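# Residue-level structural notes
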Amino acid sequence: MRKSLLKTPPSGLSSRLAPPAAAALVAVGAARRPATKRNGSAPYTGVPRVRVAVEETSTEEAEQRGARVRLLEGFVSRAEIADCAQVALQWLRDVAGIKQSICLIRPSGEGSLFVVGAQGLGSASMSFSLSLEDWNNPLLSVLNHRKEIFFPEPHSAADRKRRPATPFEDEPFHAVPLGVTGFSEEPFGLLLLGDSAPTSPELHWFTSVFSQKLDQILRQEALTEGDRRQGRERSLLYSIINAVSDPILLTDTEGRLLIANSRALTLFTATEEESEGRRSAVRMNNMLLSSALSSKAIEETGATRRELLLVNPIDGSDLVFELLSTVTEDPRQGSGVVSILRNVTDLRRASEEIEENYRKMRVAEAQARAESDRLNLIIDSVADPIVVTDAGGATSLMNEPAERLFTIPKGASAIEQRWVQSNDAHFSSFIAGMLVSADQRRVGEIGLVDARTGEAMPVEAIAGKILSEHSELTAVVTILHDRREAIEKAKLYEQLKQASDELERKIQAATADIAQQNELLRRQAIELEQASALKSQFLANMSHEFRTPLNAMLGYTSMLLQGVGGAIEPPVKRQLGRIESNGRHLLTIINEILDISRIEAGRMPLQLSKVRIPELVGEVKAELEPIIMRSKLTITLTLQKDLPSLYSDRQKVKQILLNLLSNALKFTHHGGVTITARAEKRDRTVQLSVSDTGIGIASADQEKIFEDFRQLDNSPTRAYGGTGLGLSICRRLAQMLDGRISVQSQMGHGSTFTLTLPIKGRR
Amino acid sequence: MTTKADSTGDAKKGDRPRVLLVDDYPDAREMYAEYLEFSGFEVVEAENGMEALQRAVETSPDIILMDLSLPVMDGWEATRRLKADKRTAPIPVVALTGHALAGISEGAKKAGCDAFVTKPCLPEDLVKEIRKILDAPDAANRKARRSGKYAKSIG
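Definitions and limits used
- Throughout this document, residue positions are counted from 1 along each chain, in the order its sequence is written.
- Each chain gets a letter, beginning with A, and each ligand a number, beginning with 1, in the order they are written.
- For this predicted model, a pLDDT threshold of at least 70 governs which residues receive local features, and a threshold of 80 or more governs which side-chain atom pairs are given and counted, while totals over whole chains, interfaces and linings are taken from all residues.
- Counting from the N terminus, the helices are the DSSP runs of H or I reaching at least four residues and the strands are the DSSP runs of E reaching at least two.
- To sort residues by burial, count the other C-beta atoms lying within 10 Å of each one's C-beta; a count of 20 or more means buried, 12 or fewer means exposed, and anything in between means partly exposed. C-beta atoms are built from the backbone.
- Contact between two residues is assigned whenever their backbone-derived C-beta positions fall within 7 Å.
- A fitted line through C-alpha atoms represents every axis, and for helices the fit uses only the stretch in contact; the resulting angles, taken between N-to-C directions, go from 0 to 180 degrees.
- Angles are sorted into four bins: roughly parallel if under 35 degrees, roughly antiparallel if over 145, roughly perpendicular if 65 to 115, and oblique for all others.
- Crossing handedness: left-handed means the near helix sits turned counterclockwise from the far one by under a right angle, and right-handed means the same turn made clockwise.
- Three residue categories are used. Nonpolar comprises Ala, Val, Leu, Ile, Met, Phe, Trp, Tyr, Cys and Pro, charged comprises Asp, Glu, Lys and Arg, and polar comprises the others, including Gly.
- Only strands joined by at least two bridges in the DSSP assignment are considered to pair.
- The term nonpolar core refers to a group of buried residues, namely Ala, Val, Leu, Ile, Met, Phe, Trp, Tyr and Cys, whose C-beta atoms join them within 7 Å.
- For the purposes of this description, domain bounds are those given by an automatic or database domain assignment.
- Helix span is expected to be 1.5 Å times the residue number reduced by one.
- Confidence scores here are pLDDT values: one per residue, from the predictor, ranging 0 to 100.
- Here, the term right-handed applies to a crossover whose path from the first strand over the helix to the second runs clockwise when the strands point away from the viewer.

### Some words on the overall build of chain B
- What chain B contains, in helices and strands, is 7 helices and 5 strands.
- Secondary structure elements of chain B occur, N-terminal to C-terminal, as α-β-α-β-α-β-α-β-α-β-α-α.
- Taken across its 155 residues, chain B has 41% of its residues classed as buried.
- Sequence separation of at least 24 residues holds for 63% of the intrachain contacts in chain B that already meet a minimum separation of 6.

Right, dumping it as structure tokens:
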């Protein structure tokens, strides 16, 4: 319901919804007392002349006749002027279409005309009157000349000045005199009709009938002094109650509305033309009012104040009224209830607002208190002393650490008191400086004293001014920070830095030294490399130069031994044999030197091929056959069956085996030599071993024999020849082939040299 | 250059295979020459590459023993030229050197040598190598094509 009310468009409604109070009052009365029975044949008491006139009218004007009958019927039971006037004006509206009209009557003996009835005009019209002494008033001329006058709409200021002041204001209207025609007396009333109502014969009929009725009443009742006063007071009363902005209602004992002022009408009445929302609001307001005014409710609460919640039909808002009801006893009309509604909506709202503001204020106050408590807590929890000073330099707040500096503890000794006083003096001078300066913020150092120990305590003071809204100094907040620790740290840091710098210098010096040594080593390495390369090249060249003459020597010796130059004697042959064997030995030495040189110079390429071990071992044995024959040693071959072939450098494997076997033959005087070959499937290698029953090698020497130019017997008269390069070359060749040579030996019990080679050869 | 070589080159001694021996070291050259003749070869000598080219054309040897380190023109260059000349190209060339360092034999083969023998090499070993080459079937064909008869080795 409220929603629909809210949707009701409020604009332009108020003027339509506020009917003129007088009309409204009459309307209410009419609703209560239906004035006419339209089709009834009520006894006619009108003027016979009129009746004749009615009868003379044509049948075509039956409607006009019906209308006249209605007016006459309306007048029948009316004994009071006001009642008659209302009936008459209502008739004018319904029949003649004159919506706005006022009826003025001059009571006998009065100098003014008073309104007895009005329709379609504001409530102010009821208080309108016309004095007969106002000679210039054009309306009086209507009375004087007994003739109606039309006052048109004014078109200029002059026009407006000529017009009489009436409730019509600037609207055009007719002024018609009321009085019995033919009588010598002057007219007793005036009828003001709004708009440009036609002065038709029907109006003449009406005027005469109305005038006769009024004259009748005036004559019959012969108005008393009291009646006249009553008329005036009534008019005044209407003005007063309409002027009251609070709704005022008179209801009968059943709660039906008898009288309502204009404000009450907007709340409790609505015509069919009003919007649905508005009518709903009005219906609800009536219900609310009825229940509030029910006799029971009144009995229970007495004539007291109650609250009444209504809906504003104009905008749907809530309205709160204070309802004052008083039961009135009227001996003539029975008892009724007068109710005055006082709008307390704004009052209520204001009170609620005050309450809300008060609540907010209390919350804010609590928050401020909590904030203040927290601030105090924070300030106290800060380890640095904090002092708040007012604009005059007096201390207004300090936290605990500050108190320890600036307040004299209980039972303090004289010296302790002096420490605190000294602190106070220093701080005061700092603050004084701050107060006189224009700086907003100041940082300084103050030489305080630790009030507990007397130790010097330099502090860093950071002070800031707090200004009010008007930029007036309200306080100075100073935070003191103990510098002792920082100074101590700085000292330590300086020491640390010195030590670090010293260390760095030393490291730099050492590094430079190392770099220098590295450079030296690098140069030496290069020189060594160059020397080694030169040595290798020299040896290669020399071996070539050695071999050329040796070639010729061996060649000729061989030729002589073969008897190319003729037969030779056996002793000579033996001597030539010595030359040949020594030459061969020399050649071996040269070849070994050459091999070492090639290996060191990296000029010993591998030529990989399939190597069948039994075949290779046979070749080696065959090559050394002359030596074997001479030594009378037994040679045993122990070759594993289905030995896998190697993929390796055949020439180099053979060279190694030749060397091992010739060594075995050289150092073995009794027993024999065994050549063993077997495959090691686990690590995919083949092991070739040469074991002898010779002199053996001490375990301490077993590694030395693989070194260059190393023979265990270095004496000039050594028993065994050779360069001492053989095993060194063997080990290097084995390494080139991804293999290795190892030795197992015991002095006097022979040696076993084992060559291990991968089956797949080089990776 | 020896008179013996000239005389043997002029007077064709029937079926004795002819060897052109190129070496700048006289003792070695003479030793091999003496032994080769003793072994039944006819020997023509030259002491540098340039001379070797002349002798090869003049005497059409069955085989050439070429030392590689030679004055005037070295053995590699001489071999390349021999193999480039269609008159001498079919003649097998055995390189003979005291340098045993790696790469020498590769260079020799590139130059066109058919075999490679390292000095020191006993005379009898050299003769074995020569006979092996001359007895090979393609060598026999070459010989047949050139002289119209099959050369049979001795010993």
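Picking up after the structure, the text goes on.
### Brief notes about the overall build of chain A
- Across its full length, chain A carries 22 helices and 23 strands.
- Contacts spanning at least 24 positions in sequence make up 59% of the contacts within chain A whose residues lie at least 6 apart.

### Examining the packing of helix α5 (residues 62–76) of chain A against helix α6 (residues 81–96) of chain A
Residue and element names in this part refer to chain A.
- At their nearest, the axes of α5 and α6 sit 9 Å apart, and the two run at 165° to each other. Judged by the inter-axis angle, α5 sits roughly antiparallel to α6. Between α5 and α6 the crossing geometry is right-handed. Contact residues: Ala 67, Arg 70, Leu 71, Gly 74 and Phe 75 in α5; Cys 84, Val 87, Trp 91 and Val 95 in α6.
- Its residues assigned to classes, the contact of α5 with α6 comprises 7 nonpolar, 1 polar and 1 charged.

### Let's talk about the interface of chain B and chain A
- In this assembly, 18 residues from chain B lie in contact with 19 residues from chain A.
- Put simply, the parts of the chain that give the side of chain B that touches chain A at least two residues each are α2 (26–38) and α6 (123–135) of chain B.
- Ranked by the residues each element gives to the side of chain B that touches chain A, the list is headed by α2(B), at 6 residues.

### Points about the sheet that holds strand β3 (residues 63–67) of chain B
Residues and elements named next belong to chain B.
- Within the open sheet, the 5 strands sit side by side as β2-β1-β3-β4-β5. Their pairing is parallel. If you trace the sheet from one side to the other, it starts and ends with β2 (42–46) and β5 (115–118), each paired once. Averaged over all neighbouring strand pairs, the angle between strand axes comes to 20°, with direction disregarded.
- Relative to β2, strand β1 (residues 18–22) is paired through 5 bridges, and the arrangement is parallel. Each residue of the ladder has a partner; that of Val 19, found in β2, is Val 43.
- Contacts from helix α3 (residues 49–59) reach β1, β2 and β3, with the element oriented near 170° to β1.
- Most of the contacts of α6 go to β5, to which it runs at about 175°, and overall it touches β1, β3, β4 (93–97) and β5.

### Description of the nonpolar core
- Judged by nonpolar contacts, the single largest core of 67 residues is most densely connected at Ala88(A), Cys103(A), Leu104(A), Ile105(A), Val115(A) and Leu190(A).
- The leading source of residues in this core is α6(A), at 8 residues.
- Of the domains in this structure, domain 1 (2–13 + 245–343) and domain 2 (35–237) of chain A are the two that each give at least three residues to this core.
- Ignoring anything within four residues of it in the chain, the contact list for Leu190(A) reads Leu104(A), Leu113(A), Leu130(A), Leu139(A), Val142(A), Leu143(A), Ala175(A), Pro177(A) and Leu178(A).
- One finds Leu20(B), Leu21(B), Val22(B) and Leu36(B) within the second-largest nonpolar core, a separate group that totals 42 residues.

### Observations concerning the packing of helix α17 (residues 484–562) of chain A against helix α18 (residues 570–600) of chain A
Residue and element names in this part refer to chain A.
- Packing of α17 against α18 brings their axes to within 9 Å, and their N-to-C directions diverge by 160°. Comparing the axis directions of α17 and α18 gives the class roughly antiparallel. Handedness of the α17/α18 crossing: left-handed.
- Residue composition of the contact of α17 with α18, grouped by class: 15 nonpolar, 7 polar and 4 charged.

### Here's the deal with the sheet that holds strand β2 (residues 112–119) of chain A
Residues and elements named next belong to chain A.
- Strand order across the open sheet formed by 6 strands is β3-β2-β1-β6-β5-β4, with antiparallel pairing between neighbours. At either margin of the open sheet sits one strand with a lone partner, and together these are β3 (129–131) and β4 (149–151). Strand-to-strand twist of the sheet, defined as the mean angle between neighbouring strand axes without regard to direction, takes the value 20°.
- Of the strand pairs in this sheet, strand β5 (residues 173–178) and strand β6 (residues 189–194) are connected by 6 bridges, and their pairing is antiparallel. Residue pairing across strands places His 174 opposite Leu 193, the latter belonging to β6.
- Strand contacts of α6: β1 (101–105) and β2, with the helix running at about 50° to β2, the strand carrying the most contacts.
- Lying over the sheet, helix α7 (residues 138–145) contacts β3, β4, β5 and β6, oriented at roughly 40° with respect to β5.

### Focus on α17(A)
- Taking 1.5 Å as the rise per residue, α17(A) with 79 residues should run 117 Å; its terminal C-alpha atoms sit 111 Å apart, in good agreement.
- Within α17(A), the full set of buried residues consists of Ser543(A), Arg547(A), Asn551(A), Ala552(A), Leu554(A), Gly555(A), Tyr556(A), Thr557(A) and Met559(A).
- Residues of α17(A) that are buried make contact with α18 of chain A together with α2 and α6 of chain B.
- Of the residues trailing α17(A), Gly563(A) is marked for its positive phi of about 75°.

### Regarding the confidence of the model for chain B
Residues and elements named next belong to chain B.
- With 73% of its residues at a pLDDT of 70 or more, chain B shows a mean pLDDT of 77.
- Confidence drops under pLDDT 50 across residues 1–13; counting only partners more than four residues distant or on other chains, this segment forms 14 contacts.
- Scored below 50 in pLDDT, residues 144–155 shows 19 contacts in the model against residues more than four places distant or in partner chains.
- Both confidence scores are given for the complex: pTM 0.38, ipTM 0.72.

### Quick word on the pairing of strand β15 (residues 456–467) of chain A
Residues and elements named next belong to chain A.
- Pairing analysis gives 9 bridges linking strand β14 (residues 441–449) to β15, with the strands arranged antiparallel. Residue pairing across strands places Arg 441 opposite Gly 464, the latter belonging to β15.
- Linking two consecutive strands that pair antiparallel, namely β14 and β15, is a turn of 6 residues; a positive phi of about 80° is found at Gly 454 within it.
- Where β15 meets strand β16 (residues 473–482), 9 bridges bridge the pair, whose relative direction is antiparallel. Residue pairing for β16: Ile 466 is matched across the bridge by Ala 475.
- Count of turn residues in the β15/β16 antiparallel hairpin: 5 residues, of which Ser 471 carries a positive phi of about 60°.

### Brief notes about unusual backbone geometry
- The phi torsion at Glu169(A) lies on the positive side, around 55°, for a residue other than glycine.
- Positive phi, normally seen in glycine, also occurs at Ser60(B), with a value near 45°.
- Inspection of the secondary structure puts Ser60(B) in the loop between α3 and β3.
- Owing to 17 C-beta atoms within 10 Å, Ser60(B) belongs among the partly exposed residues under this scheme.

### Quick notes on the environment of Gln54(B)
- By the secondary structure assignment, Gln54(B) is in helix α3.
- Sequence separation between Gln54(B) and Leu82(B) is 28 residues; the distance between their C-alpha atoms is 10.0 Å.

### Here we look at the confidence of the model for chain A
- For chain A, mean pLDDT is 79; residues scoring 70 or higher make up 84% of the total.
- Note that pLDDT drops below 50 for residues 1–57 of chain A; the model gives that stretch 81 contacts with residues more than four away or on any other chain.

### A short note on the pairing of β3(B)
Residue and element names in this part refer to chain B.
- When you tally the buried positions in β3, you get 5 out of 5 residues, the bulk of the element.
- With burial as the criterion, each face of β3 is covered, one bearing Ile 63, Leu 65 and Asp 67 and the other bearing Ile 64 and Met 66.
- Traced from β3 through helix α4 (residues 75–84) to β4, the parallel crossover comes out right-handed.

### Considerations on the environment of Ala394(A)
- Along the chain, the position of Ala394(A) falls in the loop between β12 (386–390) and β13 (395–398).
- Once the C-alpha coordinates of Ala394(A) and Ser428(A) are considered, the two residues, 34 residues apart in sequence, prove to be 8.9 Å apart.

### Remarks on the environment of Thr266(A)
- If you trace the backbone, Thr266(A) turns up in helix α11 (residues 262–268).
- Expressed as a C-alpha distance, the spacing of Thr266(A) and Asn312(A), which sit 46 residues apart in the sequence, is 8.6 Å.

### Digging into helix α22 (residues 726–736) of chain A
- Burial in α22(A) covers these residues: Gly726(A), Leu727(A), Ser728(A), Ile729(A), Cys730(A), Arg732(A) and Leu733(A).
- Packing partners of the buried residues in α22(A) comprise α18, α21 (650–666) and β22 (740–745) of chain A.

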